[in-house]
Structure formats: C-alpha cells, structure tokens
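What the coordinates show
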Amino acid sequence: QVQLIESGGGLVQPGGSLRLSCAASGRTSSLDGMAWFRRAPGKEREFVGDIDWSEVLSGITTYPDHLDDSDSDTDSWKGRFTVSSENPRNTIYLQVNDLKYDDTAVYYCAGRIGTRYNYWGQGTQVTVSS
C-alpha cells in the first residue's frame, strides 16, 4: 500500500501563487509515477499533470492531452501548473501561478502503477478569492 498526504492549500487572491506538496509513504517503490488532479465544485475531476518514475521516462512530466493542439496552450498551462519532484517516489510538488477564480478546487495527489492511478490522497482545498 501507498499513502499520500497533500499539503499547501489555502485561500489565495487572484494572481497569486501556491506550491502544493504531496508526501508518499509505504511501498513507494511500486510506483511508476505520481500526478495531480483537481475537482472544482460541480465539475468532473480534471487531470493537471503527471511525473514519471520509470527507468525509461524518469522525470518526464506530462500535461492534459487537449493541450497538444496548440503549443501556446501547452506553454500557457505549463507556465501556470508545473509538476516537479526533488525526491523521486517520495515527494512531488505542484506550483500554481497566476491563480484564477476557476482554479478553486480540491487538489488531489495520485500514485500510478503502469497507466492506472491506484492510490489517492485526501486532497487539499485551494480557494481563489478576493
């Protein structure tokens, strides 16, 4: 089993920034990657970004598929949402910049084995309000 604990959420003004953390414990050696998702009020869960731990793709980050249609969309998303790690299979971060009202959501960390997200944290609330 893998346990995931998110932290760093809170109340932020529009245009502000936050850095969310996710600490993994337990059988973290089983993970091939970790990711961030979010769920805004009344909306479906949304994929934010993933970082890979496998031998071939280690350290590579991926972002939502719809961004592939436009390099500018990808750059814009990556400029606001950046997934990173300083300690593979232990902790990942989500840097969120230029926060907008629509970014208000519960942000979840997930642990991936292969292509499936098997483990989930409890989430951390991010509220963007003036």
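Our structure is the block above this text.
These notes cover the structure that comes with them. (Residues numbered from 1 in each chain as written. Predicted model: local features only at pLDDT ≥ 70, side-chain atom pairs only at ≥ 80, totals over all residues. Heavy atoms only, no water.)

**Section: the side chain of Thr28**
Note that Thr28 resides in the loop between β3 (18–26) and β4 (33–39). Accessibility expressed as a relative area gives 14% for Thr28, which makes it buried. Those residues within four positions of Thr28 in sequence are excluded, and the remaining contacts are Val2 and Arg89. (Helix = DSSP H or I, 4+ residues; strand = E, 2+ residues; numbered from the N terminus. Buried < 20%, exposed > 50% of the residue type's maximum accessible area, 1.4 Å probe, protein only. Contact = heavy atoms within 4.5 Å.)

**Topic: the packing of aromatic side chains**
Centre-to-centre distance and the angle between the planes together describe a pair of aromatic rings. Counting across every chain of the model gives four aromatic pairs. With a centroid separation of 4.9 Å and an interplanar angle of 55°, the aromatic rings of Phe37 and Trp120 are classed as tilted. Residue Phe37 is found in strand β4, and its partner Trp120 is found in strand β10 (residues 116–120); the two are separated by 83 residues along the sequence. Aromatic pair Tyr117 and Trp120: ring centres 6.3 Å apart, planes at 55°, arrangement tilted. Judged by its relative accessible area of 22%, Tyr117 is partly exposed. Classification of Trp120 by relative accessible area gives partly exposed; the value is 30%. Three or more aromatic residues link up through ring pairs in this structure, and these residues are Phe37, Phe47, Tyr117 and Trp120. One residue, Arg19, lies across the ring of Tyr93, its end atom 3.7 Å from the ring centre. One Lys or Arg, Arg45, reaches over the ring of Phe37 and ends 5.4 Å from the middle of that ring. (Phe/Tyr/Trp six-rings, centres within 6.5 Å; stacked < 30°, edge-to-face > 60°. Lys NZ or Arg CZ within 6 Å of the ring centre and 35° of its normal.)

**A few points about the sheet that holds β3**
Read from one edge of the open sheet, four strands run β1-β3-β8-β7, paired in antiparallel fashion. Looking at the sheet topology across the chains shown, the edges are occupied by β1 (2–7) and β7 (81–87). When strand polarity is set aside, the average angle formed by the axes of neighbouring strands in this sheet is 20°. As judged from the six bridges shared by β7 and strand β8 (residues 91–96), these two strands associate in the antiparallel manner. Note on β8: the bridge partner recorded for Ser85 is Ile92. (Pairing = 2+ DSSP bridges. Axes fitted to C-alpha atoms, helices over the stretch in contact; angles between N-to-C directions.)

**Comments concerning the state of the cysteines**
Under the defined criterion, the tally for this structure stands at one disulfide. In this model Cys22 forms its disulfide with Cys109; the gap between the sulfur atoms is 2.0 Å. Around the S-S axis, the bridge from Cys22 to Cys109 shows a dihedral of about -80° and counts as left-handed. Remark: Cys109 occurs in strand β9 (residues 105–113) and Cys22 occurs in strand β3; sequence separation between them is 87 residues. Among the residues examined, Cys22 registers a relative accessible area of 0% and is labelled buried. (Disulfide = S-S within 2.5 Å.)

**Concerning the pattern of salt bridges**
One pass over the full model with this rule turns up six salt bridges. For Glu46, the salt bridge identified is with Arg38, shortest N-O distance 2.7 Å. According to the relative accessible area criterion, Glu46 is partly exposed, its value standing at 29%. The exposure class of Arg38 is buried, given its relative accessible area of 8%. For the salt bridge of Asp52 with Arg112, the shortest nitrogen-to-oxygen distance reads 2.9 Å. Of this pair, Asp52 sits in strand β5 (residues 45–52) while Arg112 sits in strand β9, and the two are 60 residues apart along the sequence. Arg112 matches Asp52 in its accessibility class, with the two residues each being buried. In this structure, a network of salt bridges that share partners links the residues Arg38, Glu46, Arg80 and Asp103. (Salt bridge = Lys/Arg side-chain N within 4 Å of Asp/Glu carboxyl O.)

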